[in-house]
Amino acid sequence: AKGSHNGEGNTGGRGERFAGMDVETEAGQVCGGSGEARAHCADRPFACAACLRRFLTAADLLLHYRSHAGDKPYECGACTKRFGKSGDLARHRLTHSGEKPFSCEACAKRFGKSSDLLRHQRTHSGERPFGCEACGKRFKTAGELAVHGRTHSGEKPFRCEACGKRFITASALSRHRRTHSGERPFQCLVCHKRFNRPCTLSRHQRTHSGERPYQCDVCQKRFGAAGALSVHQRTHTGERPFRCDVCERRFNRLGNLARHRHTHSKEKSFPCDVCEKGFNRLGNLALHRHITPCPCPIQARC
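Residues numbered from 1 in each chain as written. Predicted model: local features only at pLDDT ≥ 70, side-chain atom pairs only at ≥ 80, totals over all residues. Heavy atoms only, no water.

## Observations regarding the UniProt feature "domain: C2H2-type" (unreviewed entry) in the chain
And step 1. UniProt feature "domain: C2H2-type" (unreviewed entry): in the numbering of this structure it lies at residues 46-73, 74-101, 102-129, 130-157, 158-185, 186-213, 214-241 and 242-269.
And step 2. The distance from the first to the last C-alpha atom of residues 74-101 is 23 Å, and the span holds 43% helix and 14% strand.
And step 3. End-to-end, the C-alpha atoms of residues 242-269 are 22 Å apart, and along that stretch the chain is 29% helix and 14% strand. (UniProt positions renumbered as here; feature names shortened; annotations may be inferred. Helix = DSSP H or I, 4+ residues; strand = E, 2+ residues; numbered from the N terminus.)

## Digging into the state of the cysteines
And step 1. Summed over all chains, the structure comprises zero disulfides.
And step 2. As a non-bridged cysteine, cysteine 244 has cysteine 247 as the owner of its nearest cysteine sulfur, 3.8 Å distant.
And step 3. A relative accessible area of 0% means that cysteine 244 is categorised as buried. (Disulfide = S-S within 2.5 Å. Buried < 20%, exposed > 50% of the residue type's maximum accessible area, 1.4 Å probe, protein only.)

## Looking at the confidence of the model for the chain
And step 1. When pLDDT is averaged along the chain, the result is 81; 82% of the residues meet or exceed 70.
And step 2. A low-confidence stretch, residues 36-40 (pLDDT under 50), is modelled with ten contacts involving residues beyond four sequence positions or located in other chains.
And step 3. For the stretch residues 297-302, pLDDT sits under 50, and the model shows eleven contacts to residues farther than four places along the chain or on other chains. (pLDDT = per-residue confidence, 0-100. Contact = heavy atoms within 4.5 Å.)

## Concerning the side chain of threonine 169
And step 1. Here threonine 169 shows up in the loop between strand 10 (166-167) and helix 8 (170-181).
And step 2. Accessibility expressed as a relative area gives 18% for threonine 169, which makes it buried.
And step 3. In this structure the side chain of threonine 169 is engaged in a polar contact, spanning 3.2 Å, whose partner is the side chain of serine 171.
And step 4. Of the polar contacts made by the side chain of threonine 169, one reaches the backbone nitrogen of alanine 172; its length is 3.1 Å.
And step 5. Setting aside anything within four residues of it in sequence, one finds threonine 169 in contact with Val147, Arg150 and Phe158. (Polar contact = N/O pair within 3.5 Å; in protein donor to acceptor, adjacent residues only side chain to side chain.)

Okay, structure coming up:
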């Protein structure tokens, strides 16, 4: 009889339930019949009923089910972080020891995991062995291809328990959760300001170092952020991707479009705190404060 995975119960209960699952029948549901599944998917005959990911052995499939159930029986003695596989725990322990046993022959950079070394080596070779059947785009790892595949299928397997919003990747869900918790785990060592994403911290650190790693290939001007370079390049291409839906005027920056929209609206969101005159742009309010005499004592001028 076919089984189903609902993520309930303890580890033993899950193991008994998954062990009783007709895994080949699950594969048949994907490929169109158990006999056809064996012929068509002979390399990975065991399919996950939850996400359709395929595996070489039933044991690998059972380990994978822990990623859906949240079962993490292996605990690190150093930091109490838990893992679904003993191999993942062993690799994690290297982060405490600092050991990096795998070395790149091309540049001598060292890695704690052989899989990290393999991915790194492709930065030298340019190899992208994993191709998307839908659009032909190629990737360095099977994991990158699997995530990309969800952009075609619309699958979003990771759900926020606080608001119900769904995400394509576990890392995207993890970042989103910080919007609820307010957690900012990444701290600048110079000024101690905290951030909720490592990439945001990296951009911030460049304000201290002055580093500008992104260079325009037309005029060689350098920028501290990839987004700033992208906006600058539009000054060369003339691209104006942001269009006003009222008058169809186009802009090269989203902020410029937002300011322009105020010219169509009668809303005056920026009032002078002295004479209460309203303005539709913050810049106009600043100009008013600078050149217009206020009908108030000099001490209270706006």
